[in-house]
Amino acid sequence: MTQAEIETYVDAAARVLALPLAPLHRPGVVHYFGLAAAMAEIVGAQQLGLDDEPAPVFVPVSPRAIPLPAAE
Amino acid sequence: MNPSEVLDAGAARIADAVRRREVSATELIRASLARIAATDPRINAFTDITAERALGRAAALDSKLAAASVPAPSSYSSLPLAGVPFAAKNLFDIEGITTRAGSKIERDKPPSHHDALLIERMENAGAILVGALNMDEYAYGFTTENSHDGPTRNPHDLSRIAGGSSGGSAAAVAAGQVPLALGSDTNGSIRVPASLCGVFGLKPTYGRLPRTGTYPFVASLDHLGPFARTARDLAIAYDALQGGDPRDPACAQRPVESVAPLIDRGIDGLRIATLGGYFDEHRGPQARAALDHVATALGVDRRIELPGVERARAAAFLISNAEGGALHLPDLRTRAADFEPLSRDRFIAGALLPAAWINTAQRVRHWFARQVAQSMADVDILLTPATPVAATPIGAEWIEIEGRRLPARPSMGILTQPISCIGLPVCAAPVWLPHYRLPIGVQIIAAPWREDLVLRVAQALEAMGVVAAPIASSTTGIGAAA
């Protein structure tokens, strides 16, 4: 991403999230977004297969009060 | 031994002396509180002191022991931490105190109604909480340069950082204020301050210890763990902390697998290697010398390279940035100026990251975990430094590694971040070298759920005199002088 693209994205995304960017904070935010973009480029260079699923796995939550049915 | 000397002898010795009624818990708590009062104005490890609570619990323990017809046995299983003073990073809930997680914003919240689960478990084992400890705001940092509470100073050199984000925890142990402390580690926040303050720190496997009753930073990566001045104390504390809890959705609900009885088994039969490649490229001369010192003592001549380490580090960076930013989005909208200036802009940027980046980062994390599992099929322990350099001066902006100038604050976690990204258990063990004034830590890493192995190696190194965690003394007048 170019500097201009980063600034355009940061301003637009902040508006989407209703997140005001104070003039004092905006240069730092743009800097750190650029750093994250560089990290995203490193991560994006990894070839992934369909079985490389995201690390977090959802665990369904059982109501603890309901006991399992007894085995036949 | 007087109570102050027993305090300096560590948790195992304290518990033994209290169980045998050679010294009372009350005397020990008073010694710890006196040490804190004498040294903390210089170190700034503590944000809260729970003196009344601690003395009340000490008196109750003393009464219980006095009521026993004979002194309690010194066996490990009977109140393994009897009378041991400890403290916890101020993101652990403490009944009656507002959990601030190093922030200004949380000060408006009501006090906690309950202790965090791990504080409860420490006290069930006989330990006694004496206070809460300083940290980087919301755990987003590696230096504990907290603008609201002031920086925590390294007890071995008061002009330098303690590391972070659990800087207060490591400093309190290094200064001899308490023999045990609790902290959290998302990207290195136990291992970095342990390295810089010269104490032992354990980051268990991701999902091992429940985080119930603690303020989160990055749910995908947050771990809790103990600090101590000996490997044995670390093992005893870790055993007291173990056990599942369904209230933490990331907790793996493993049964208690006690390690303290196993740590004297030595290193025979363990296959050990140092990490090359990325890890070689990101360490300064002292870190390299410390690793060589440890590897030589263990007779290690094997070196392996893990694939894609830089990608794993980048994945951890993005996940932390995004989850941290999203967690604090409501306050970033309305109270951005109240955030820590050193991390505020990073939090805001993190809230803006595209979802596809984070999804890819989580997939790369899984990919890297599989690669490392393959690499560890025929090796039990991996060794690498915990930090690229020793403690830097407070306020330092840059460090230099291998001729490259890197930003000091984020780079302190450059060697820890790829390991916590995939949740492996690590003991950071402190190395003091003859030609260096300050300590630096080495990470002892094992496969998931093998905390016993990292503590076995740490214990073997300590027995050989290769790693050690002396209380800070001569340079600062801290420790014995109090």
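Residues numbered from 1 in each chain as written. Chains lettered and ligands numbered in written order. Predicted model: local features only at pLDDT ≥ 70, side-chain atom pairs only at ≥ 80, totals over all residues. Heavy atoms only, no water.

Novice: Help me understand the pairing of strand β7 (residues 157-161) of chain B in this model?
Specialist: The side chains of a regular strand alternate between both faces of the sheet. Residues and elements named next belong to chain B. In this structure, strand β6 (residues 153-154) lies alongside β7, joined through two bridges in antiparallel fashion. By the bridge assignment, N154 is partnered in β7 with D157. Linkage of β6 to β7, two consecutive antiparallel strands, is achieved through a turn of two residues. (Pairing = 2+ DSSP bridges. Helix = DSSP H or I, 4+ residues; strand = E, 2+ residues; numbered from the N terminus.)

Novice: Even after reading the chapter, I still don't get the environment of B:L453, so can you show me in this structure?
Specialist: Residue and element names in this part refer to chain B. Mapped onto the secondary structure, L453 falls in helix α17 (residues 451-463). Considered as a pair, L453 and C427 are 26 residues apart in the sequence and their alpha carbons are 9.5 Å apart. Aside from chain neighbours lying at most four places away, what touches L453 is L270, D380, I381 and A446. (Contact = heavy atoms within 4.5 Å.)

Novice: Just checking my understanding: could you explain the interface of chain B and chain A for this structure?
Specialist: When the parts come together, some accessible area is lost, and that loss is often what is quoted as the size of the interface. With 35 residues of chain B in contact, the opposing surface of chain A contributes 34 residues. Roughly 3100 Å² is buried in total at the junction of chain B and chain A, and carbon and sulfur atoms are behind 71% of that figure. Counting the surface chain B buries against chain A, the share from its top three residues, B:R311, B:L352 and B:R363, is 22%. At the junction of chain B and chain A, the tally comes to two salt bridges. For A:D52, the salt bridge identified is with B:R370, shortest N-O distance 3.3 Å. Run the count over chain B and chain A and you get eleven residue pairs in polar contact (both at pLDDT 80 or more). Where the side of chain B that touches chain A is concerned, the elements lending two or more residues are α11 (309-327), α12 (329-334), α13 (341-351) and α14 (355-375) of chain B. Per-element tally for the side of chain B that touches chain A: the top contributor is α14(B), with eleven residues. Across the side of chain B that touches chain A, the residue classes tally to 19 nonpolar, six polar and ten charged. (Buried area = accessible area lost by both parts, 1.4 Å probe. Salt bridge = Lys/Arg side-chain N within 4 Å of Asp/Glu carboxyl O. Polar contact = N/O pair within 3.5 Å; in protein donor to acceptor, adjacent residues only side chain to side chain. Nonpolar A, V, L, I, M, F, W, Y, C, P; charged D, E, K, R; others polar.)

Novice: Just to check I follow, could you spell out α11(B) for this structure?
Specialist: Along an α-helix, a turn takes 3.6 residues, which lines up residues three or four apart on a common side. Across its 19 residues, α11(B) extends 27 Å between first and last C-alpha, which sits within 8% of the 27 Å expected from 1.5 Å per residue. The buried fraction of α11(B) is high, at 14 of 19 residues. (Expected span 1.5 Å × (residues − 1). Buried < 20%, exposed > 50% of the residue type's maximum accessible area, 1.4 Å probe, protein only.)

Novice: Sorry if this is basic, but what is going on with the sheet that holds strand β17 (residues 440-446) of chain B here?
Specialist: By way of backbone hydrogen bonds, the strands of a sheet pair with one another, either parallel or antiparallel. All names here are of chain B. Spatially, β1-β3-β2-β8-β10-β9-β16-β17-β13-β11-β12 is the arrangement adopted by the eleven strands of the open sheet, whose pairing is mixed. A single partner strand is all that each edge strand has here, and the edge strands are β1 (46-49) and β12 (303-304). The sheet contact formed by strand β9 (residues 200-203) and strand β16 (residues 426-431) spans three bridges and is antiparallel. Opposite K203, over in β16, you have V426 as the bridge partner.

Novice: Looking at this structure, I do not really get helix α2 (residues 11-19) of chain B. What am I missing?
Specialist: All names here are of chain B. Extensive coverage of α2 is indicated by the burial of seven of its nine residues. A11, I14, A15, D16, A17, V18 and R19 are the residues of α2 that are buried. In the core, the buried residues of α2 are packed alongside α1 (3-8), α3 (25-43), α4 (51-67), β2 (85-89), β8 (180-185) and α8 (231-241). Remark: R21 follows α2 within two positions and exhibits a positive phi of approximately 60°.

Novice: Could you clarify how one ought to interpret the pairing of β2(B) in this entry?
Specialist: All names here are of chain B. Counting buried positions along β2 gives five out of five residues, so the element sits mostly inside the fold. Here five bridges tie β2 to strand β3 (residues 128-133), and the two strands are oriented parallel to one another. Across the sheet, residue A88 finds its bridge partner in β3, namely A132. After leaving β2, the chain enters helix α5 (residues 117-124) and then returns to the sheet as β3, a path that is right-handed. Where β2 and β8 come together, three bridges link them in parallel fashion. By the bridge assignment, A88 is partnered in β8 with L182. (Right-handed = clockwise from strand over helix to strand, strands pointing away.)

Novice: Teacher, can you tell me more about the packing of aromatic side chains here?
Specialist: Each aromatic ring pair is characterised by the separation of its centres together with the angle its planes make. Residue and element names in this part refer to chain B. Counted according to the given criterion, the structure contains ten aromatic pairs over all chains. Taking 5.5 Å as the distance between ring centres and 35° as the angle between the ring planes, the aromatic pair formed by Y138 and Y215 counts as tilted. Here Y215 lies in the loop between β9 and β10 (223-228) and Y138 lies in the loop between β3 and β4 (145-146), a separation of 77 residues in the sequence. For Y138, a relative accessible area of 1% corresponds to the buried category. Aromatic side chains Y278 and F279 sit 5.3 Å apart centroid to centroid with 80° between the ring planes, which places their arrangement in the edge-to-face category. Connected via pairs of aromatic rings, a cluster forms that spans Y138, Y140, Y215, F217, F339 and F347. Against the face of Y140 rests R346, its NZ or CZ located 4.2 Å from the ring centre. (Phe/Tyr/Trp six-rings, centres within 6.5 Å; stacked < 30°, edge-to-face > 60°. Lys NZ or Arg CZ within 6 Å of the ring centre and 35° of its normal.)

Novice: What am I meant to see in the environment of B:V442 here?
Specialist: Residue and element names in this part refer to chain B. Looking at the secondary structure, you find V442 in strand β17. With a relative accessible area of 1%, V442 lands in the buried category. Sequence-distant contacts of V442, that is, excluding residues within four places in its chain, are made with A290, L291, V294, L383, T384, P385, A386, C427, A428, A429 and V431.

Novice: How should I be thinking about the packing of helix α2 (residues 26-44) of chain A against α14(B) in this particular structure?
Specialist: Angle between the axes and distance between the axes are the two parameters that describe a pair of packed helices. At a minimum axis separation of 10 Å, α2(A) and α14(B) run at an interaxial angle of 45°. By the criterion of interaxial angle, the relationship of α2(A) to α14(B) is oblique. In this structure, the crossing between α2(A) and α14(B) has a hand that is left-handed. When α2(A) is examined against α14(B), the residues A:F33, A:A36, A:A37, A:A40 and A:V43 are found in contact with a partner set consisting of B:W357, B:T360, B:A361 and B:V364. For the contact of α2(A) with α14(B), the per-class residue count stands at eight nonpolar, one polar and no charged. (Axes fitted to C-alpha atoms, helices over the stretch in contact; angles between N-to-C directions. Parallel < 35°, antiparallel > 145°, perpendicular 65-115°, else oblique. Left-handed = near helix turned anticlockwise from the far one by under 90°.)

Novice: Sorry if this is basic, but what is going on with the nonpolar core here?
Specialist: Residues B:L81, B:L318, B:L383 and B:L455 are the most contacted members of the largest nonpolar core, which totals 182 residues. Broken down by element, the residue count for this core peaks at nine residues, all from α11(B). With sequence-adjacent residues up to four places away left out, B:L318 is seen in contact with A:A36, A:M39, A:A40, A:V43, B:L353, B:W357, B:I358 and B:A361. (Core = buried A, V, L, I, M, F, W, Y, C linked by side-chain atoms within 4.5 Å.)

Function cannot be inferred from these measures alone, as they are strictly geometric.
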